[in-house]
Amino acid sequence: AASLSDKDNYPMFHRTVPPDAIAASVMAKMCLEFKFVRVGTMFVNDAYGSGYANDFATAGAQYDIDVIVSAKYTSGTKASIRSAVKSLSDAGVRVIILIAFNKDLQAILDAAQEFELVQKEGVSWITADAIADPEGFAASAANPAQVRDQLAGWLSVFARPLSGESRTAFEAEGAAYRALNSSNVYGTPHSKISVG
């Protein structure tokens, strides 16, 4: 939760991974790059979910990303999950920022299927880092093929610090790629992309 970064209230708290506000900012920048300027958020109603949704809305506002509906749900409650997905559908949202955990994912997929928000051209789901292994989730599902179809096209955003050998390897791969490809992607020459 972003509130843990408050050094006045938590002077002994230290992070080993970046706060969710960093990942939320990356997610907002990604929406801008894809021209997703009207989005809906769906989040688990706890400190993680509501904090991340708030961080995304704040970061999104900096890029003129309009959150047209914000739907919270109670974890483990199918009726609450269905109600949140219905509110996204009723609002006509085509891009959904999902802040949830794997334990609720099947119920979310089932509700999204019911309201035609999966396997539909023009609808995008972007998940936060709590859904870390979609393939592992699909493989363990009762019907893996169906879940893979439902998750097709979903995007996940992770903010992980790079250091040591991982950063060196990433920078080397990036340099090699930029050397081989001087084309533009989204108006940015690859040679100008850097790790910051």
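What this report covers is the structure whose coordinates are included nearby. Everything numeric here is computed off the predicted structure, so don't read it as measured data.

Quick notes on the overall build of the chain
Working step 1: Each helix and strand in the chain was counted, giving seven helices and seven strands.
Working step 2: Going from the N terminus to the C terminus, the chain shows its helices and strands as α-β-α-β-α-β-α-β-α-α-β-α-β-β.
Working step 3: Every one of the 196 residues in the chain was classed for burial, and the buried ones make up 35%.
Working step 4: Taking as baseline every contact in the chain between residues at least 6 positions apart, the subset at least 24 positions apart corresponds to 74%.

Overview of the environment of Val 69
Working step 1: The residue Val 69 is located in strand S2 (residues 66–73) in this model.
Working step 2: Discounting chain neighbours no more than four positions away, the residues touching Val 69 are Val 39, Gly 40, Thr 41, Ser 87, Leu 88, Ala 91 and Val 93.

Examining the sheet that holds strand S4 (residues 124–127)
Working step 1: Taken in spatial order, the five strands line up as S2-S1-S3-S4-S5 in an open sheet, and their pairing is parallel. Each having just a single partner strand, S2 and strand S5 (155–156) make up the two edges of the open sheet.
Working step 2: Here helix H1 (residues 20–33) sits on the sheet and contacts strand S1 (38–44), strand S3 (95–99), S4 and S5; the angle it forms with S4, its principal contact strand, is near 155 degrees.
Working step 3: Set on the sheet, helix H2 (residues 47–62) makes contact with S1, S2 and S3; between it and S1 the angle comes to about 160 degrees.

Focus on unusual backbone geometry
Working step 1: Positive phi is not limited to glycine here, since Glu 116 has a value of about 55 degrees.
Working step 2: With respect to the helices and strands, the residue Glu 116 is situated in the loop between helix H4 (102–114) and S4.
Working step 3: For Gln 119, which is not a glycine, the phi torsion comes out positive at approximately 55 degrees.
Working step 4: Counting through the fold element by element, Gln 119 comes out in the loop between H4 and S4.
Working step 5: Overall, Gln 119 belongs to the partly exposed group, its relative accessible area being 49%.

Focus: the pairing of S1
Working step 1: In terms of burial, S1 is a largely internal element, six of the seven residues being buried.
Working step 2: For S1 and S2, the ladder comprises seven bridges, and the chain directions are parallel. Each residue of the ladder has a partner; that of Val 39, found in S2, is Val 67.
Working step 3: Each parallel crossover has a hand, and for S1 linked through H2 to S2 it is right-handed.
Working step 4: Of the pairings in the sheet, the one linking S1 to S3 comprises four bridges and is parallel in character. Note on S3: the bridge partner recorded for Phe 43 is Ile 99.

Here we look at the pattern of salt bridges
Working step 1: Taken as a whole, this structure holds three salt bridges when the rule is applied.
Working step 2: Arg 82 serves as the salt-bridge partner of Glu 114, at 2.6 Å between the closest nitrogen and oxygen. Taken together, the residues Glu 114 in helix H4 and Arg 82 in helix H3 (residues 78–90) connect sequence positions 32 residues apart.
Working step 3: For the salt bridge of Asp 90 with Lys 86, the shortest nitrogen-to-oxygen distance reads 2.7 Å. Remark: Lys 86 and Asp 90 occur in helix H3; sequence separation between them is four residues, near one turn of the helix.
Working step 4: A relative accessible area of 33% means that Lys 86 is categorised as partly exposed.

Observations concerning helix H6 (residues 144–151)
Working step 1: Every buried residue belonging to H6 is among Val 147, Gln 150 and Leu 151, and all of these are buried. One side of H6 holds all its buried residues, which, seen down the axis, span an arc of 95 degrees.
Working step 2: Where the residues of H6 are buried, they touch H4 and helix H5 (134–140).
Working step 3: Positive phi shows up at Gly 153, right after H6, with a value of about 90 degrees.

About the thresholds
- Residues numbered from 1 in each chain as written.
- Predicted model: local features only at pLDDT ≥ 70, side-chain atom pairs only at ≥ 80, totals over all residues.
- Heavy atoms only, no water.
- Helix = DSSP H or I, 4+ residues; strand = E, 2+ residues; numbered from the N terminus.
- Buried < 20%, exposed > 50% of the residue type's maximum accessible area, 1.4 Å probe, protein only.
- Contact = heavy atoms within 4.5 Å.
- Pairing = 2+ DSSP bridges.
- Axes fitted to C-alpha atoms, helices over the stretch in contact; angles between N-to-C directions.
- Right-handed = clockwise from strand over helix to strand, strands pointing away.
- Salt bridge = Lys/Arg side-chain N within 4 Å of Asp/Glu carboxyl O.
- Arc of directions from axis to C-beta.

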